[in-house]
Amino acid sequence: MSRYTRREFLRTGLAAGTLAVTGSLSFAATRQTATDWITLGKSGVNVTRLAFGTGSFSGQVQRELGQSGFTSLVRYAYDRGIRFFETAESYGDMHRMLGVALQGVPRDSYKLMSKVTTRDGVDPQQKFDELRKLANTEYFDIMLLHWQHTDTWPRDTRRWQEGVEQAQSKGVILTRGASVHGLPALRQVPDFDWLQIAMVRVNHKGTDMDGEDYATESKGNVPEVLTHVAQAHQKNLGVIGMKLTGQGTFNRDDRRAAMRFAFRNAGVHSVTVGYKNTGEVDEAIDNLNAALA
C-alpha cells in the first residue's frame, strides 16, 4: 500500500474493497511518531518532533549525571531517534557537556538549538563563537534570544537581532527566534516579523505558564496562550513547546495529558523535554506517540 499516495489509493478499486471489508481506511504508512522529522514553519529547518532538553532546573538535573552518565543518556536518546538537542547559555556547563556527548556523531544527523542571554555590554559575535567552541560545533541550526519577558523586548534586543542576522550571513547560525515568558512578551510574538521560531510555555494545567507577571507562581492564562500560539501559526512561525512537565511536578498521567494537549490543542510543531534517565526518554516517546495516534 505504501507505493500509493492517498489520492491514488482513493481513486482505485482498492479503496472500495478495503471499505467493504473493514468499513474504514487504514494508512499505516502515514502514522506520525515522536521521532519524525518536521519543518518548523517558515524557518525551513527540520527537527524531530521530540527534542532532548538540557535545562531541567537550569541544567542542574543534567549536570548532576556527570559527563559519563549524561553522554550515555544523550546517545540513548539519539539511538531511539531523538535528533534535536537544545541548550542555553544560562544552563551552566551544558554547552560543553553536550558537545562532548555528541562528539563523533555526524553533525548532519542531528539539529542543535542554543539560547543566548541578551545582555548589555556583550559582543554578539564573540558570544556566538564562544558557545560554538563550547558545543564543539561549527554552527547552530537554531539560535533563540532567551528569556524575553517584557512587552518591549522586540525593541530592547535590536542589537542582538542584528548580531544574529550577521551570524546567519556567515552560516554560523541557520535560523533564529526567541523564547518568551509572560503574556506581555508573548503578545508581541505574532506580529514581530523578525521571528522565524517561537518557544512557548504550554501545558494543560497552566502550571509554570504565562500570566501577566512572568515570574508569578499562580496559574498561567491557558486560553490566551493558545490564542497567541494560533496567531503565530497564522504567521507561519515555527512553534516549540516547553514546560510540559510543570517544572517536574506532574505525575505520569499529567505528563501524558500535557503532551496530548501540546499537540492536539495548542498545535505546537515540536516539544522539548529534559531527562535524567532512559526511562524518561522512553516515556516521553511513548507519550508523544500516543498523542499523535
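Look above for the structure.
Every value quoted in this text rests on a predicted model; they were computed, and no experiment measured them.

We now examine the sheet that holds strand β3 (residues 50-53). In a beta sheet, neighbouring strands pair by backbone hydrogen bonds and run either parallel or antiparallel. The eight strands lie next to each other as β3-β4-β5-β6-β7-β8-β9-β10, forming a closed barrel whose pairing is parallel. When the angles between neighbouring strand axes are averaged without regard to direction, this sheet yields 25 degrees. With three bridges connecting them, strand β7 (residues 173-180) and strand β8 (residues 197-201) associate as parallel partners. If you follow A178 over to β8, its bridge partner there is A198. Docked against the sheet, helix α4 (residues 66-79) engages β3 and β4 (84-86), running at close to 175 degrees with respect to β3. Sitting on the sheet, helix α8 (residues 158-169) touches β5 (111-116), β6 (140-148) and β7, and the angle it makes with β7 is about 155 degrees.

Time to look at the side chain of H95. Along the chain, H95 falls in helix α5 (residues 94-101). In this structure the side chain of H95 is engaged in a polar contact, spanning 2.8 Å, whose partner is the side chain of S114.

Moving on, we get to the layout of surface pockets. As a volume, the largest pocket reaches approximately 1200 Å³. Every residue lining the largest pocket is counted, 45 residues in all, and those nearest its centre are G55, F57, Y91, K243 and Q247. Listed by contribution, the elements that provide at least two residues to the lining of the largest pocket are α3 (60-63), β6, α7 (153-156), β8, α11 (252-266), β10 (270-274) and α12 (278-292). Take the lining of the largest pocket: its biggest share by element is four residues, from α12.

Turning our attention to the side chain of K111. In this fold, K111 is placed in strand β5. D141 is the oppositely charged side chain nearest to the buried, salt-bridge-free K111, at an N-O distance of 4.6 Å. Beyond its immediate chain neighbours, meaning those up to four positions away, K111 contacts W37, V45, N46, V47, R83, F84, F85 and D141.

Looking now at the environment of E86. Relative to the helices and strands, E86 is located in strand β4. Counting along the chain gives 188 residues from E86 to G274, while the straight-line C-alpha distance between them is 9.5 Å. Discounting residues that sit within four places of it in the chain, E86 has contacts with F52, G53, T54, Y91, M113, K115, M199 and T272. Within the structure, E86 has its side chain in polar contact with the side chain of T272 (distance 2.7 Å).

We now examine the packing of α5 against helix α6 (residues 124-135). At their nearest, the axes of α5 and α6 sit 6 Å apart, and the two run at 40 degrees to each other. With respect to their mutual orientation, α5 and α6 come out oblique. For the pair α5 and α6, the contacting residues are H95, R96 and G99 in the first and L131, L134 and A135 in the second. Looking at the contact of α5 with α6 residue by residue, the class counts come to three nonpolar, two polar and one charged.

Let's shift gears to the packing of aromatic side chains. A complete count under the given rule lists eight aromatic pairs for this structure. Their ring planes at 85 degrees and their centres at 5.3 Å tell us that W153 and F192 sit as a pair that is edge-to-face. Within this pair, whereas W153 is found in helix α7, its partner F192 is found in the loop between α9 (183-186) and β8, the two being separated by 39 residues in sequence. Considered together, W153 and F192 belong to a single accessibility category, that of buried residues. Among the aromatic residues, those joined into a ring-pair cluster are F52, F70, F85, Y110 and Y275.

Our next topic: unusual backbone geometry. Although it is not a glycine, W147 sits at a positive phi angle of roughly 55 degrees. By secondary structure assignment, the location of W147 is in strand β6. Phi at K243 takes a positive value of approximately 65 degrees, unusual for a residue other than glycine. Its location among the elements puts K243 in the loop between β9 (238-242) and α11.

Glancing now at the pattern of salt bridges. Evaluation of the coordinates by the stated rule reveals 20 salt bridges. One salt bridge in this structure joins D282 and R80, with 2.7 Å as the shortest N-O distance. In this pair, D282 is assigned in helix α12 and R80 in the loop between α4 and β4, connecting sequence segments 202 residues apart. The closest approach of N and O atoms between E86 and K115, which form a salt bridge, is 2.3 Å. You can see E86 sitting in strand β4 and its partner K115 sitting in strand β5, a full 29 residues away along the chain. You'll find E86 and K115 in the same group, each marked buried. Put simply, E89, R119, K127 and E130 are held in one network by salt bridges that share partners.

About the cut-offs
- Residues numbered from 1 in each chain as written.
- Predicted model: local features only at pLDDT ≥ 70, side-chain atom pairs only at ≥ 80, totals over all residues.
- Heavy atoms only, no water.
- Pairing = 2+ DSSP bridges.
- Helix = DSSP H or I, 4+ residues; strand = E, 2+ residues; numbered from the N terminus.
- Axes fitted to C-alpha atoms, helices over the stretch in contact; angles between N-to-C directions.
- Contact = heavy atoms within 4.5 Å.
- Polar contact = N/O pair within 3.5 Å; in protein donor to acceptor, adjacent residues only side chain to side chain.
- 1 Å grid on protein atoms, 1.4 Å probe; cavity = no way out; pocket = protein on both sides within 12 Å on 5 of 7 lines; lining within 4 Å.
- Points joined across faces, edges and corners; volume = space filled by probe spheres on them.
- Buried < 20%, exposed > 50% of the residue type's maximum accessible area, 1.4 Å probe, protein only.
- Lys, Arg positive; Asp, Glu negative; His and termini not counted.
- Salt bridge = Lys/Arg side-chain N within 4 Å of Asp/Glu carboxyl O.
- Parallel < 35°, antiparallel > 145°, perpendicular 65-115°, else oblique.
- Nonpolar A, V, L, I, M, F, W, Y, C, P; charged D, E, K, R; others polar.
- Phe/Tyr/Trp six-rings, centres within 6.5 Å; stacked < 30°, edge-to-face > 60°.

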